[in-house]
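Letter by letter, the chains look like this.
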Amino acid sequence: MKKIELLSPAGNMEKLKMVFRYGADAAYLGGKFFNLRALAGNFSNEEIIEAVKYAHSLGKKIYVTLNIIAHNNEIEKVADYAKFLESAGVDAVIVADLGVFKVVRDNTNLEINVSTQASNTNWMSVKVWKEMGAKRIILARELSLKEIKQIREKVPDVELEVFIHGAMCMSISGRCLLSNYLTGRDANRGACAQPCRWKYHLVEENRPGEYYPIYEDERGTFIMNSRDLYTIEFLDQILDTGIDSLKIEGRMKGIYYGAMVTKVYREAIDKYYKGEFKYEPKWMEYLNSVSNRKYTKGFYFGNPGPESQNYDSSSYNKTHEIVAKVIKKTRDNKSILEVRSKVSVGEEVEIIKPKGDPIKVIMPEMIKMRKGQEEAKIETANPNLIVKVDLDLEEMDILRKKLPD
């Protein structure tokens, strides 16, 4: 049985290494040009070459986004960039624009994955893209399990990819102009200001001053603010449709998000292929520990209703925060940590590894490091400090702590 691909986001090299460590089979990233996350760290040409070499050394893949909706002055520049990506050895590019697709196809032998921005919601459009040379279609988020299965049956000879976790756009497959009109930042050119997350007053023209009780009170409403997608409870049903790749959204999220979400879905996928899949409540606890806007099942069981929106807030929720990342294991089996959140000796923290449940420990004595040398014992470490602790951990293990209720 061909095993499905778990595809995780990588906003920079650190995130790339973390998602691979925690179980991703492939990662998608953006270069400095032509991608829809202009505000992410993104990768220089040299970093893309490094990322590809690193991924391939692990037997994993790299996909690069070329998914802007291009204008005339950009289309002529696409060919040279695509040729560079081919020379760098990337495994595929992600394309939304038909013109960009043709330029890449005519000038390189790169495999092309068609972006969710292309809004493929039916089997005929999938078939047409396949006939034009697409290797994979990333289906629109606005599809049910039944529709995905029908597409798979109608077009069995093309790879299909779906989103399984992360932020949801209130517009069909991200085709939104709110940001353009309200801030001058183009959503389809990587600079969306996310005005769908702002607070509004909803006033219908013929009934000025009236509030809509489901959505709004005198304080206003976040009517366009979608909850985040999650699928862990019914992941087996997605796998049963016969798709080829499961995609996690979040190139702009932190390393704890990428690691933990990847870890959860990796464990669930592995259990599925062992014939042991059964939803475990701890998975939801892990997903609630990372930054989220509460969760929705999206369109997988039909069109979502009001329960999929956050009408009262656009704030993020999480139960835990990252304390530190292990950057080195010493010869005497101690660990060098890069501190990310304030932590003190004697605090209870949890160790997160790629496999297994969190391990609770009491934060031991910390020795501040400077230029590789021990400097002084400290009781409290603030972000960006490097400290040595008497814990036998592995590189890229994570320490986290529970936030107050």
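Rules behind the numbers
Residues numbered from 1 in each chain as written. Predicted model: local features only at pLDDT ≥ 70, side-chain atom pairs only at ≥ 80, totals over all residues. Heavy atoms only, no water. Helix = DSSP H or I, 4+ residues; strand = E, 2+ residues; numbered from the N terminus. Rg over C-alpha atoms; globule rule 2.2 N^0.38 Å. Buried < 20%, exposed > 50% of the residue type's maximum accessible area, 1.4 Å probe, protein only. Contact = heavy atoms within 4.5 Å. Areas by Shrake-Rupley, 256 points an atom, 1.4 Å probe, with all protein chains shown as cover. Lys, Arg positive; Asp, Glu negative; His and termini not counted. Charge placed at Lys NZ, Arg CZ, Asp CG, Glu CD. Domains from an automatic or database assignment. Buried area = accessible area lost by both parts, 1.4 Å probe. Arc of directions from axis to C-beta.

## Things to note about the overall build of the protein chain
Inference 1: A count of helical and extended segments in the protein chain gives 10 helices and 20 strands.
Inference 2: Here the protein chain has a C-alpha radius of gyration of 22 Å; the compact-globule value for 405 residues is 22 Å, and the two agree.
Inference 3: Principal-axis analysis of the C-alpha atoms places the extent of the protein chain at approximately 65 × 60 × 50 Å.
Inference 4: By residue count, 52% of the 405 residues in the protein chain fall in the buried class.
Inference 5: Considering only intrachain contacts with a sequence separation of at least 6, the fraction spanning at least 24 residues in the protein chain is 66%.
Inference 6: Split by element, the accessible area of the protein chain, about 19,000 Å² in all, is 49% carbon and sulfur.
Inference 7: Here the protein chain contributes 62 positively and 58 negatively charged side chains, and the mean placements of these two sets differ by 2 Å.

## Observations regarding the domain arrangement of the protein chain
Inference 1: Along its sequence, the protein chain is organised into domain 1 (5-170 + 224-308) and domain 2 (320-402).
Inference 2: Here domain 1 and domain 2 have C-alpha centroids that lie 32 Å from each other.
Inference 3: Counting residues at the interface gives 14 residues for domain 1 and 18 residues for domain 2.
Inference 4: For the pairing of domain 1 and domain 2, the buried interface totals around 1,400 Å² over both sides, and the portion due to carbon and sulfur atoms is 56%.

## Description of the side chain of Ser226
Inference 1: Within the element layout of this structure, Ser226 appears in the loop between helix H7 (178-183) and strand E8 (228-229).
Inference 2: Assessed through its relative accessible area of 6%, Ser226 is described here as buried.
Inference 3: Apart from the residues lying within four places of it in its own chain, the contact partners of Ser226 are Met168, Arg197, Arg293, Ser308 and Gln309.

## Some remarks on helix H10 (residues 281-288)
Inference 1: For H10, the full list of buried residues reads Trp283, Met284, Tyr286 and Leu287. Buried residues along H10 cover an arc of 155° about the axis, so they all sit on one side. Exposed positions of H10 whose direction lies more than 90 degrees from the buried face are Pro281 and Glu285.
Inference 2: The elements touched by buried residues of H10 are strand E7 (159-165), helix H9 (255-273) and strand E10 (295-296).

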